[in-house]
Each structure stands twice: as C-alpha cells, then as structure tokens.
Amino acid sequence: LPVLMVVGMRLGCVHQARATQRAILADGCTFMGWIANPIDPSMANFDDNLAILTRVLGQPPMQVMPQRL
C-alpha cells in the first residue's frame, strides 16, 4: 500500500518521522511522501528542521501546511 506521512513539526519530529518511515518500509508498504504540519507555533529552527527532514526522508515535503493560530 502507498503511504503518505504527515509530520507534526515540533521538537523530536525528525527522529519520529525517520522511525515511522522505517516502519512503513519494513512493513512492505510504499513511502509516497510526506506533508509538514506546523503544530507548534513556537518551534525554533523550523526551516532547519524542514531541511533535515528533506535529507533524511529522501525527498522534500509534498506540502507545507500553513500555520494556524
């Protein structure tokens, strides 16, 4: 099955997203991509984390959702 992952952008999201991607692949599913969902408005270094996620997940996000206040 193809899986689209939504990453809640907050502290610890890089580790959680990478572990989730590994589980998706280990289960024999296809990793279709990911969406960045900024759930923590006070998250420091949002752009840096987005770049790290792009590198470790092997592709840029399909979408960066807008910040809701």
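Note: the structure precedes this text.
Since we're looking at a predicted model, the values are computed, not measured. (Residues numbered from 1 in each chain as written. Predicted model: local features only at pLDDT ≥ 70, side-chain atom pairs only at ≥ 80, totals over all residues. Heavy atoms only, no water.)

Draft legend 1. The arrangement of helix H2 (residues 46-57) in detail. Between the first and last C-alpha of H2 there are 16 Å, a value that for 12 residues agrees with the 16 Å anticipated at 1.5 Å per step. What H2 keeps buried is the set Asn-49, Leu-50, Leu-53 and Leu-57. Projected down its long axis, H2 shows its buried positions confined to an angular sector of 105°, all on one face. The outward face of H2, more than 90 degrees from its buried face, is lined by the exposed residues Asp-47 and Arg-55. Along its buried surface, H2 packs onto strand E1 (2-8), helix H1 (13-26), strand E2 (30-37) and strand E3 (63-64). Following H2 by one or two positions, Gly-58 has its phi on the positive side, about 85°. (Helix = DSSP H or I, 4+ residues; strand = E, 2+ residues; numbered from the N terminus. Expected span 1.5 Å × (residues − 1). Buried < 20%, exposed > 50% of the residue type's maximum accessible area, 1.4 Å probe, protein only. Arc of directions from axis to C-beta. Contact = heavy atoms within 4.5 Å.)

Draft legend 2. Quick look at a nonpolar patch on the surface. A surface patch of nonpolar side chains, about 310 Å² in accessible area, is lined by Leu-4, Met-32 and Met-62. Along the chain, Leu-4 falls in strand E1. (Patch = residues over 30% accessible without salt bridge, like charges linked within 9 Å, V, L, I, M, F, W, Y side chains within 5 Å. Areas by Shrake-Rupley, 256 points an atom, 1.4 Å probe, with all protein chains shown as cover. Salt bridge = Lys/Arg side-chain N within 4 Å of Asp/Glu carboxyl O.)

Draft legend 3. The arrangement of the packing of H1 against H2 in detail. Orientation of H1 relative to H2, taken along the N-to-C sense of each, is 20°, at an axis distance of 10 Å. One finds that H1 runs roughly parallel with respect to H2. As for the relative orientation of H1 and H2, their crossing is right-handed in sense. Contacts between H1 and H2 involve Cys-13, Val-14, Ala-17, Arg-18 and Gln-21 on the former and, on the latter, Asn-49, Ile-52, Leu-53, Val-56 and Leu-57. Class assignment for the residues of the contact of H1 with H2 results in seven nonpolar, two polar and one charged. (Axes fitted to C-alpha atoms, helices over the stretch in contact; angles between N-to-C directions. Parallel < 35°, antiparallel > 145°, perpendicular 65-115°, else oblique. Left-handed = near helix turned anticlockwise from the far one by under 90°. Nonpolar A, V, L, I, M, F, W, Y, C, P; charged D, E, K, R; others polar.)

Draft legend 4. Layout of the sheet that holds E2. Strand order in the open sheet made by the three strands is E1-E2-E3, with parallel pairing throughout. Both edges of this open sheet fall to E1 and E3, since each of them pairs with a single strand only. Across two bridges, the pairing between E2 and E3 is parallel. Considered in E3, the bridge of Ile-35 is made with Gln-63. Here H1 sits on the sheet in contact with E1 and E2, set at roughly 170° to E1. In this fold H2 packs onto E1, E2 and E3, with an angle of close to 180° to the strand it touches most, E2. (Pairing = 2+ DSSP bridges.)

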